[in-house]
Amino acid sequence: MAAAPGGPGTAGTAGTAGTAGTASAVLRRVPWPSALAAALVTGYVTLFVLASVHTSYDTWGALLILPALMAIGTPLLARIAAANPERDVFRLLLLAMTAKLLCAFPRYLMAFVLYGGAADAKMYHQKGTELAAYLDQADLLGGVHYDLGMKVAGTGFVIIVTGIVYAITGPSLIGGFLVFSWLGFWGLLLFWRALQIAFPEADTRKYAKLVFFLPSLLFWPSSIGKDAWMMFCLGLTTYGTARLLDRRFGAFLCIVLGSVGTAMVRPHVTALAGAGLMVAYVLRRRPQQVSALGPLRTILTAVVLGAMAVLMLQQVSTFFGTDGTGGDAVNQVLSETSRRTSQGNSMINATAPEDAAPKFSLNPAGLPVAVISVLFRPFPFEASNIQNLIQSVECFALLVMFVRAWPRLSRLPRLFVQRSYVAFAAVYTLLFCWAFSTINNMGILSRERVQVLPLALVLLVVPATTAGRGRTSARRPPPVWRVSPGQWGARRTPEPPGLPPPPVPTAAPAPAVRSTVPPSSTVPPSSTASPSSIVSPSPSTSQGGSTAP
């Protein structure tokens, strides 16, 4: 039998509904963001306490270094995003930095779990720990005398960088991975800033997503070693190049610091970047208004760049131990590279054991094959292990993107003069592919490839042309820090395209003042008002508004 209206059944239903409504109201009052933050902090502190009790500083030190790096980087990203015209830039940059730091953990697991510590990072960690202990006890003002047991250029310089990092953070292996990964992120950010400065018409949003989240760029430059350092220094060199091509102050400082950093580790890469810089500077568009010192500045810049190129070639010759820098020396270096990398299960081209140093052809006709080998291999059917298979998926995706972008790539010769930064990226990419195509191991090639990917990706963000007009479509305003050609240090804020100019405020005519004095009466001289006080419109009147009666 159904319950009568107002009976016990109705009362129970109403009570249940009231309880549910009260619970819903309570849940709505809970500050969920604060509660989630409190839960994360509590969990992090608990994990830190457990790790500090059961592990050494080599492991739990990373729990101190990770939030410290985030605390240093977040305000810098906020400052960069505040001056950027793109929307949601801060969220994108913060996500990119977080992803880059988190990739240090799988990179560590690959080196010390999958490969059992058979990685260069282990040697850098051991030598860096010894150097950090020496720096803690040494009298730095009296001079530093420490024997690395090897020359400084190359591996020795990375040991010095690792020792300095450990002297600041303490010798923590995972912490060192985090610091180097963080350093690599800032290199990627400098590549992104360089594109915005020197090529503002490009699809910078797409470039940011590619350069910050491409798996190779996230993963490989995230360990203690040369890859992360080279990524940072190449980014600094590229950023200085962009400033030089756009005629801004501070360009040479960035170029010199970045070039010295790369030359101390891999001077041949510095020479490739210098060649691209020279071509881009020659093709740079001249300003419409040239100052009296313009020709002198151009001559001095060319002399400085030429001197830097000579020094880089000498450094390359010393680094590889060759006589001179001619074609025979280049052939010797490339052939030796091919021989040293012809080992392991990931070898590309099998060579006979008696081939001590196979000859390498300098014929430019092989450049297309070199580009395909460096940028798009291994192919899926060439994968010999799970690592190569994962890498082949990314390479195939890049190949598809370049094929789809072929109509845009056909505009590159014209852009070499309009935007010489594109010439810098293209020349460096071609020379890098030509030089590194001698690497005969898929695994080594996958790691070395990250030094060219940021500039190769520039070719994918060339803007499309407007149909039927043959000109670039302006989809977004250039960055706010653009400087007009020929103006050093000046800043201007461009107006967004497509908006009408703001209206010019005009003062409305003053309303007629009706006299309240009878015609027959006279006004005393002392009470006569001045013209300015009689005809004094209100602020709303001066802006076209109406006044109260």
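For the structure, check the block above.
Residues numbered from 1 in each chain as written. Predicted model: local features only at pLDDT ≥ 70, side-chain atom pairs only at ≥ 80, totals over all residues. Heavy atoms only, no water.

Novice: Which residues make up the overall build of the protein, and what are the values?
Specialist: The helix and strand inventory of the protein stands at 25 helices and zero strands. Within the protein, the fraction of its 549 residues that count as buried is 42%. For the protein, the exposed surface amounts to about 29,500 Å²; the carbon and sulfur share of it is 66%. (Helix = DSSP H or I, 4+ residues; strand = E, 2+ residues; numbered from the N terminus. Buried < 20%, exposed > 50% of the residue type's maximum accessible area, 1.4 Å probe, protein only. Areas by Shrake-Rupley, 256 points an atom, 1.4 Å probe, with all protein chains shown as cover.)

Novice: Now, about the packing of aromatic side chains: what can you tell me, with residues and values included?
Specialist: What the rule picks out here adds up to 18 aromatic pairs. An angle of 45 degrees between the planes, with centres 6.3 Å apart, marks the rings of Trp229 and Phe232 as tilted. In this pair, Trp229 and Phe232 both sit in helix 12 (residues 226-245), three residues apart, roughly one turn of the helix. Linked through ring pairs, Trp182, Phe185, Trp186, Trp192 and Phe212 together constitute an aromatic cluster. (Phe/Tyr/Trp six-rings, centres within 6.5 Å; stacked < 30°, edge-to-face > 60°.)

Novice: Outline the packing of helix 12 against helix 21 (residues 420-436), supporting the account with residue identities and numerical values.
Specialist: Packed helix pairs are specified by the crossing angle of their axes together with the interaxial distance, meaning the distance between the axes. Axis separation between helix 12 and helix 21 bottoms out at 10 Å; the angle between their running directions is 145 degrees. Considering the relative orientation of helix 12 and helix 21, their crossing is right-handed. On the side of helix 12, the interface is formed by Leu234, Thr238, Thr241, Ala242 and Leu245, while helix 21 contributes Ser420, Tyr421, Phe424 and Tyr428. Taken together, the residues of the contact of helix 12 with helix 21 break down into six nonpolar, three polar and no charged. (Axes fitted to C-alpha atoms, helices over the stretch in contact; angles between N-to-C directions. Left-handed = near helix turned anticlockwise from the far one by under 90°. Contact = heavy atoms within 4.5 Å. Nonpolar A, V, L, I, M, F, W, Y, C, P; charged D, E, K, R; others polar.)

Novice: For the nonpolar core, give the residues involved together with the corresponding values.
Specialist: If you look at the biggest cluster of nonpolar residues, it comprises 114 residues, and the most contacted ones within it are Leu189, Trp192, Tyr207, Phe212, Leu217, Tyr421 and Tyr428. At 19 residues, helix 9 (residues 173-198) tops the list of elements feeding residues into this core. (Core = buried A, V, L, I, M, F, W, Y, C linked by side-chain atoms within 4.5 Å.)

Novice: So, the pattern of salt bridges: which residues are in play, and what are the values?
Specialist: Overall, the coordinates contain six salt bridges when judged by the stated rule. Salt-bridge contacts for Glu201 lead to Arg419; the nearest nitrogen and oxygen are separated by 2.6 Å. Of this pair, Glu201 sits in the loop between helix 9 and helix 10 (204-213) while Arg419 sits in the loop between helix 20 (412-418) and helix 21, and the two are 218 residues apart along the sequence. When its relative accessible area of 34% is taken as the criterion, Glu201 is described as partly exposed. (Salt bridge = Lys/Arg side-chain N within 4 Å of Asp/Glu carboxyl O.)

Novice: Can you tell me about the side chain of Arg266, naming the residues and giving the values?
Specialist: Counting through the fold element by element, Arg266 comes out in the loop between helix 13 (251-263) and helix 14 (267-283). Those residues within four positions of Arg266 in sequence are excluded, and the remaining contacts are Lys226, Asp227, Met230, Glu448 and Gln451.

Novice: How would you summarise helix 4 (residues 62-82) if you had to cite specific residues and measurements?
Specialist: Helix length check: helix 4, at 21 residues, gives a terminal C-alpha distance of 30 Å against a target of 30 Å (1.5 Å per residue), a fit within 8%. Where helix 4 is concerned, the buried positions are Ala62, Leu63, Ile65, Leu66, Leu69, Gly73, Leu77, Ile80 and Ala81. Residues of helix 4 that are buried make contact with helix 2 (32-54), helix 3 (57-60), helix 5 (89-102), helix 8 (152-169) and helix 9. (Expected span 1.5 Å × (residues − 1).)

Novice: Requested: an account of the environment of Ser420, with residues and values cited.
Specialist: In this structure, Ser420 sits in helix 21. Under the relative-accessibility criterion, Ser420 is labelled buried at 5%. Beyond its immediate chain neighbours, meaning those up to four positions away, Ser420 contacts Leu245, Ala280, Leu283, Arg284 and Leu415.

Novice: I'd like a rundown of helix 13, residues and numbers included.
Specialist: Between the first and last C-alpha of helix 13 there are 18 Å, a value that for 13 residues agrees with the 18 Å anticipated at 1.5 Å per step. Looking only at helix 13, the buried set comprises Ala251, Cys254, Ile255, Gly258, Ser259, Gly261, Thr262 and Ala263.

Novice: Let's hear about a nonpolar patch on the surface: which residues, and what values?
Specialist: A grouping of Val41, Val45, Val49 and Val53 is seen on the molecular surface, where their side chains present a nonpolar patch of about 340 Å² in accessible area. Counting through the fold element by element, Val53 comes out in helix 2. For Val53, a relative accessible area of 59% puts it in the exposed group. (Patch = residues over 30% accessible without salt bridge, like charges linked within 9 Å, V, L, I, M, F, W, Y side chains within 5 Å.)

Novice: Lay out unusual backbone geometry in plain terms, naming residues and giving numbers.
Specialist: Residue Arg377 is joined to Pro378 through a cis peptide bond whose omega torsion reads 10 degrees. With respect to the secondary-structure elements, Pro378 resides in the loop between helix 17 (367-376) and helix 18 (386-404). Positive phi, normally seen in glycine, also occurs at Asp88, with a value near 55 degrees. Note that Asp88 resides in the loop between helix 4 and helix 5. The phi angle at Arg247 is positive, at roughly 60 degrees, despite the residue not being glycine. Note that Arg247 resides in the loop between helix 12 and helix 13.

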